[in-house]
Amino acid sequence: MLCSWRAQPDDAGRLGMFDPKLRPVLRPNALYYLRLLALSSFMLWMPLCLFFGAVFRRSVYIYRTDIEVVDLDQGPVGRQLTQSVLQIAAAAPNQQGQPRWRMRSDLASIADTREWVRHHGWAALVINSGASARLADAASGNTNTVYNPADAATIMVNTGRHPIIVSSFIQPALTRTVRAAQIGFSVAFTRQLGGLDQVRPQNIVTLATQPVAFSLDDDAPLSFAIAPISYLFSFLVGQLCVIGALIGWKMQSFSFFVKVKHTHVWLGAASIVLAWAIYIGMLGALAISAFRGPDYSKLALSYTVGRFFSLWFTTAMVLSAGGMWLLSWFVVLTPELLALASLSLVLPNVASTLTTVETSPRFFRWFYALPFYNGSMLYRFILSGAFPRIGLNVGVVLGDLCLCTAALWLTTCIRQYTAIRGISDIPGWYRGGIFFESPIPYYKDKKEPKPRSESIDERTINITDSADDATSFREGNLGV
């Protein structure tokens, strides 16, 4: 047998685990792992606190979002419905868990309201023009058409601004309030309803049970099956793929730092990040085009070649900024800290895509500067046309990229300085650590060159016993 659970053939003469001779080695290792455990606990707890602090109480801060109330009817139905909705919203027991309702009089048509919600808002309740006239005609029998109560009001939502926040918090609160107002209006209308002899039979049941209703309109739909997590996973999986390339470059770049000019090392490292991000970004854009589907909603924007390249460019920018930031840390950190540096980038960025700054504590306003946050806003605009902030988002991501590239220049300077002076070794351990082993001698340990002896001038040689030598330059006798 090649091996046995008792002993291997080559174990003869080896030390056992409890041999006293191993104590000088085991003790430093044990202390090292205890320090690493304490550091890991702190570094893991801090990003997790940021993550859960940002997304845990989204329902509490939903009061920072607004729902617009637009009365285009300007009749009895419009006045009664809007007053009822505002009163119900004001009387809600948990005001912090409810969106704010605002009466708007500057929107003159349903097209204007739809455009405003798509570009600036979260949701809106619109009392459609002519709602009072249609209900009065149906109740008096002056019309021969079938009365549709859903023509009275329209609920407009903007899932493209943020599908999780709108679908999970804003739309339910809006629908719940409108249904309560609808029930109150139906009860009051039924009490006032007179004879129904002139009413068409098809309208009698409708007027008696549900005189008004509403239709749901998603102005900038982003509600396909994986919409809430599609951009998050595109960025997250892409960033993890970039991390693998960065770790490989860190472990193999020692000879470059020793032998190559710093500017060339820096440009080479930045080029690797950019090339990898561009390639992964293309794969992410292809995946979105496959899973989204071309026609999941009649109001959805068509998926064109231009939108494909926009998604590609957006993903590549986000991954490049994150990759530069990670590599700027990787080149100076020891191997055990690489995962912790990755967590400090990934968790806050992931949290920024699962919520919005409006629904997070004010401490998290720095989410505005994160690449994932701005990239997700660009992603949602490209696919739905909602909440366009293109210049701001692109500017922030490119600013992050430039800042992180400058940080990479600084850290590669530090890495080259420590490498050529024997302060750090090939994997990145530093002098004084238990794993440090550099092929470059420490610059302070180099032996000083011996001082050069005084030069001898042959013309001034003084031979003390020259008188006794049988030497004569005149006779040519050299004592031989």
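A. The arrangement of the packing of aromatic side chains in detail. Evaluated as defined, the whole model comprises 21 aromatic pairs. Their ring planes at 85° and their centres at 5.1 Å tell us that Tyr32 and Phe435 sit as a pair that is edge-to-face. With Tyr32 in helix 1 (residues 23-55) and Phe435 in the segment after helix 13 (390-420), this residue pair connects regions lying 403 residues apart in the sequence. Look at Tyr32 and you get buried, because its relative accessible area is 11%. A centroid spacing of 5.9 Å and a plane angle of 80° characterise the contact between Trp325 and Trp329, whose relative ring orientation is edge-to-face. A residue pair is termed a helical-turn pair when its members lie 3 or 4 positions apart in one helix, as Trp325 and Trp329 do in helix 10 (residues 305-330) at four residues. Among the residues examined, Trp325 registers a relative accessible area of 32% and is labelled partly exposed. Trp329 sits in the partly exposed class, given a relative accessible area of 39%. Joined through ring pairs, the aromatic side chains of Tyr32, Tyr33, Trp429 and Phe435 make up one cluster. Residue placement shows Arg161 over the ring face of Phe387; its charged tip is 3.8 Å from the ring centre.

B. Region of interest: the environment of Ala181. Positionally, Ala181 belongs in helix 5 (residues 163-192). By relative accessible area, Ala181 is classed as buried at 1%. For the pair formed by Ala181 and Gln87, sequence separation is 94 residues and the distance between their alpha carbons is 9.1 Å. With sequence-adjacent residues up to four places away left out, Ala181 is seen in contact with Leu81, Ser84, Val85 and Ile88.

C. Representation of the nonpolar core in the model. Residues Leu246, Trp249, Met324, Leu326, Leu327, Phe330 and Leu408 are the most contacted members of the largest nonpolar core, which totals 32 residues. When contributions to this core are tallied by element, the ones reaching two or more residues are helix 7 (227-252), helix 8 (254-259), helix 9 (262-292), helix 10, helix 11 (338-354) and helix 13. Among the elements that make up this core, the one with the highest residue count is helix 9 (seven residues). With near-sequence residues (within four places) excluded, Trp249 lies in contact with Phe257, Val265, Ala269, Ile272, Leu327 and Val331. Ranked by size, the runner-up nonpolar core spans 31 residues in total, among them Val77, Leu81, Ala152 and Phe185.

D. Expanded view of the layout of surface pockets. For the largest pocket, the calculated volume is near 500 Å³. Taken together, 24 residues form the lining of the largest pocket, with Trp325, Trp329, Ala341, Ser344 and Leu345 sitting closest to its centre. Of all the secondary-structure elements, those providing two or more residues to the lining of the largest pocket are helix 1, helix 10, helix 11 and helix 13. Looking at the lining of the largest pocket residue by residue, the classes come out as 20 nonpolar, three polar and one charged.

E. Empty space enclosed by the protein, seen in detail. Scanning the entire structure with this criterion turns up one cavity of 30 Å³ or more. If you add up the space inside the largest cavity, you get close to 70 Å³. Taken together, Leu81, Val85, Leu125, Ile127, Ala153, Val178, Ala181, Gln182, Val212, Ala213 and Phe214 make up the lining of the largest cavity. Secondary structure elements with two or more residues in the lining of the largest cavity: helix 2 (76-90), strand 3 (123-127) and helix 5. By residue number, the principal contributor to the lining of the largest cavity is helix 5, which donates three residues. Grouping the constituent residues of the lining of the largest cavity by class yields 10 nonpolar, one polar and no charged.

F. Fine view of helix 3 (residues 110-119). Restricting attention to buried positions, one finds in helix 3 the residues Thr113, Val117 and Arg118. Here the buried residues of helix 3 occupy an arc of 130° about the axis, which is enough to place them on one side. Packed against the buried residues of helix 3 are strand 1 (66-71), strand 3 and strand 4 (153-157).

G. Spatial organisation of the packing of helix 12 (residues 371-384) against helix 13. Helix 13 packs onto helix 12 with a crossing angle of 145° between their chain directions and a minimal axis gap of 9 Å. Helix 13 is crossed by helix 12, and the crossing has left-handed handedness. In this structure, helix 12 uses Pro371, Asn374, Gly375, Met377, Leu378 and Phe381 to contact helix 13, whose residues at the interface are Ile390, Leu392, Asn393, Val394, Val396, Val397 and Asp400. A class-by-class count of the residues in the contact of helix 12 with helix 13 yields nine nonpolar, three polar and one charged.

What counts as what
Residues numbered from 1 in each chain as written. Predicted model: local features only at pLDDT ≥ 70, side-chain atom pairs only at ≥ 80, totals over all residues. Heavy atoms only, no water. Phe/Tyr/Trp six-rings, centres within 6.5 Å; stacked < 30°, edge-to-face > 60°. Helix = DSSP H or I, 4+ residues; strand = E, 2+ residues; numbered from the N terminus. Buried < 20%, exposed > 50% of the residue type's maximum accessible area, 1.4 Å probe, protein only. Lys NZ or Arg CZ within 6 Å of the ring centre and 35° of its normal. Contact = heavy atoms within 4.5 Å. Core = buried A, V, L, I, M, F, W, Y, C linked by side-chain atoms within 4.5 Å. 1 Å grid on protein atoms, 1.4 Å probe; cavity = no way out; pocket = protein on both sides within 12 Å on 5 of 7 lines; lining within 4 Å. Points joined across faces, edges and corners; volume = space filled by probe spheres on them. Nonpolar A, V, L, I, M, F, W, Y, C, P; charged D, E, K, R; others polar. Arc of directions from axis to C-beta. Axes fitted to C-alpha atoms, helices over the stretch in contact; angles between N-to-C directions. Left-handed = near helix turned anticlockwise from the far one by under 90°.

This is a description of form; function is not addressed.
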